[in-house]
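Reading the structure
Each chain is listed here by its residues.
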Amino acid sequence: MALRPPMHDRTASSSSFAEAFETARQKLDHELDLGSDISSEEPTPLEPCLESPGTDESSSSPLTPASPATGAVTPQLDPDVAEDFAFAFDIDGVLIRGGTPIPEAIEAMKVLNGENPYGVKVPYIFVTNGGGKFEQERCRDLSRQLEIDVSPGQFICGHTPMKQFADKYGTVLVVGGEGEKCREVAESYGFRDVITPGDILKANAATAPFRRLTDLEHANSRDLLARGKLSDVVIEAIFVFADSRDWASDLQIIIDIAMSKGGRLETRSETFEEGPPIYFSHNDIVWAASHEHVRLGMGALRRFVEVGFSDVTGGKKPKTHSFGKPQVSTFEFATRLLQKWRADRHGLVSSSPPETVYFVGDTPESDIRGTNAMNAESENDWYSILVKTGVYQDGTEPAYKPRKTVETVLDAVNHGIEREMARRAASRAPLDDLSLKLANQAIASAVDPVIVDE
């Protein structure tokens, strides 16, 4: 049965999850600050898992510390809010495409906020590999686009985990994004000395022969020569926060530093094994923009760095790492956030997560792969749903199979709610054999006419 939302007042519900998750996120971030213990070794749960994502079995990564530490209060519970299931959404290609909301996305948010035949309000968060802006700025954009209140507490982006390294590294190179935004984000995370490619080009324009800074870029870039010679500057780590706006010059600078003597600018290592680590905020090869065909993403830049470095060093490999989906650690962080939200509802210190989390994405290689990997390791059920409004092309065989394939995000929301309502109905009353069989079929499929299984 297709969900057709009745006329419910959504004024109160539209902001309830934003406020609740903001509180939960602040508490969770506080726990992570207390529990973070980043060693001098590269953190295994955050390293790339291109062949087998999520195979790290460590339970002590900075994203998944073991000890919550918050006080308990007794809140007033809204009986219409679901606790046994929740939704997590990718953004580009699922809710937004090319800066424009996908029409069904606005309706899907209304359904989640209670405008459905059951009057149930379903908690939801957003997990995106995108970035390049302050989380608050991205949430303001999303609130306007989806016509709801979205708080940074509901929002997990690719570079969010990078803040854990602010105390580990001194001087860092930050790449990507518009203008100075990524530098500003990095400094807000606590990084003390943030250098950009523009700073290096200002000091030595010959670094990238075909790149010339605009007058504004030149004015905004910092004067590295005021420190002395460029070779006095030592880059301890490279962070690609967002998609590059100039691949040629960024690629040249990244590879230059990867080939350097311990990150020292304008130098060359004799072994090509002394360069600093390079962290990418995600690993998506392509993404869905406003163009009819998918566009190259940060994962493609990473591959160019790796192949280019290998070609010019005689087969050596750079120290590359990635965050974001499909890394299981990203989904673990989402689980912790949902746990904290659920605990806050009952005034508890800790809680189990919702029994089922429906993850809705458009990219099999990151969204579906990561959800399925998380489900294989998690005690609760992570249910992957693939939509046809983004990277995935209808009629092709996805590299990683979802548990459900649907047309749009609205169909995904309808499917999840119908599945949960059928499950509840089946658990409430004793059934004869035929009714039990029908109920089980409803739980297994919960098929809307516009939904297509793979």
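All residue numbers refer to position in the chain's written sequence, counted from 1. Residues qualify for local features only when their pLDDT is at least 70, as the model is predicted, and side-chain atom pairs are given and counted only at 80 or more; totals for whole chains, interfaces and linings, by contrast, use all residues. Here the side-chain values reflect all heavy atoms present in the structure, with hydrogen atoms and water set aside.

1. Comments concerning the packing of helix 7 (residues 247–258) against helix 8 (residues 298–313)
Think of each axis as a best-fit line through the C-alpha atoms, taken over the contacting stretch in the case of a helix, with angles from 0 to 180 degrees between the N-to-C directions. Secondary structure is summarised from DSSP: a helix means a run of H or I of at least four residues, a strand means a run of E of at least two, and numbering begins at the N terminus for each. Two numbers describe how helix 7 lies on helix 8: the axes approach to 10 Å, and their chain directions differ by 50°. In this view, helix 7 runs oblique relative to helix 8, as classed from their interaxial angle. As helix 7 runs across helix 8, the sense of the crossing is right-handed. Here Trp247, Leu251, Ile254, Ile255 and Ala258 of helix 7 lie close against helix 8, whose contacting residues are Ala300, Leu301, Phe304, Val305, Gly308, Phe309 and Val312. Roughly parallel refers to an angle under 35 degrees, roughly antiparallel to one over 145, roughly perpendicular to one between 65 and 115, and oblique to any angle outside these ranges. Helix crossings fall into two classes, left-handed where the near helix is turned counterclockwise from the far one by less than a right angle and right-handed where it is turned clockwise. Note on definitions: a residue-residue contact is assigned when non-hydrogen atoms from the two residues lie within 4.5 Å.

2. Looking at the pattern of salt bridges
One speaks of a salt bridge when a side-chain nitrogen belonging to Lys or Arg is within 4 Å of a carboxyl oxygen belonging to Asp or Glu. Counting across every chain of the model gives 28 salt bridges. When salt bridges that share partners are traced, they join Glu83, Arg342 and Arg345 into one network.

3. Observations concerning helix 4 (residues 181–189)
For helix 4, every residue scored as buried is listed here: Cys182, Arg183, Val185, Ala186 and Tyr189. Along the axis of helix 4, the buried residues cluster in a sector spanning 160°; they form a single face. The inward-facing, buried residues of helix 4 contact helix 3 (135–146), strand 6 (171–175), strand 7 (193–195), helix 5 (197–203) and helix 6 (215–220). Of the residues one or two after helix 4, Gly190 is the one with positive phi, at around 110°. Here the term buried applies to any residue with accessible area under 20% of the maximum for its type, exposed to any over 50%, and partly exposed to those in between, with areas from a 1.4 Å probe on protein chains only. The directions from the helix axis to the C-beta atoms form the arc being described.

4. Brief notes about the packing of helix 2 (residues 103–112) against helix 11 (residues 409–428)
For any two helices packed against each other, the geometry is given by the interaxial angle and the distance between the axes. Remark: helix 2 packs on helix 11, axes separated minimally by 7 Å, with the N-to-C direction vectors making an angle of 25°. Between helix 2 and helix 11, the angle is such that the two are roughly parallel. Two secondary-structure elements touch here, helix 2 through Glu104, Ala105, Glu107, Ala108, Val111 and Leu112 and helix 11 through Val409, Leu410, Val413, Asn414 and Ile417. Taken together, the residues that form the contact of helix 2 with helix 11 break down as 8 nonpolar, 1 polar and 2 charged. Ten residue types, Ala, Val, Leu, Ile, Met, Phe, Trp, Tyr, Cys and Pro, are classed as nonpolar, four, Asp, Glu, Lys and Arg, as charged, and the remainder, Gly among them, as polar.

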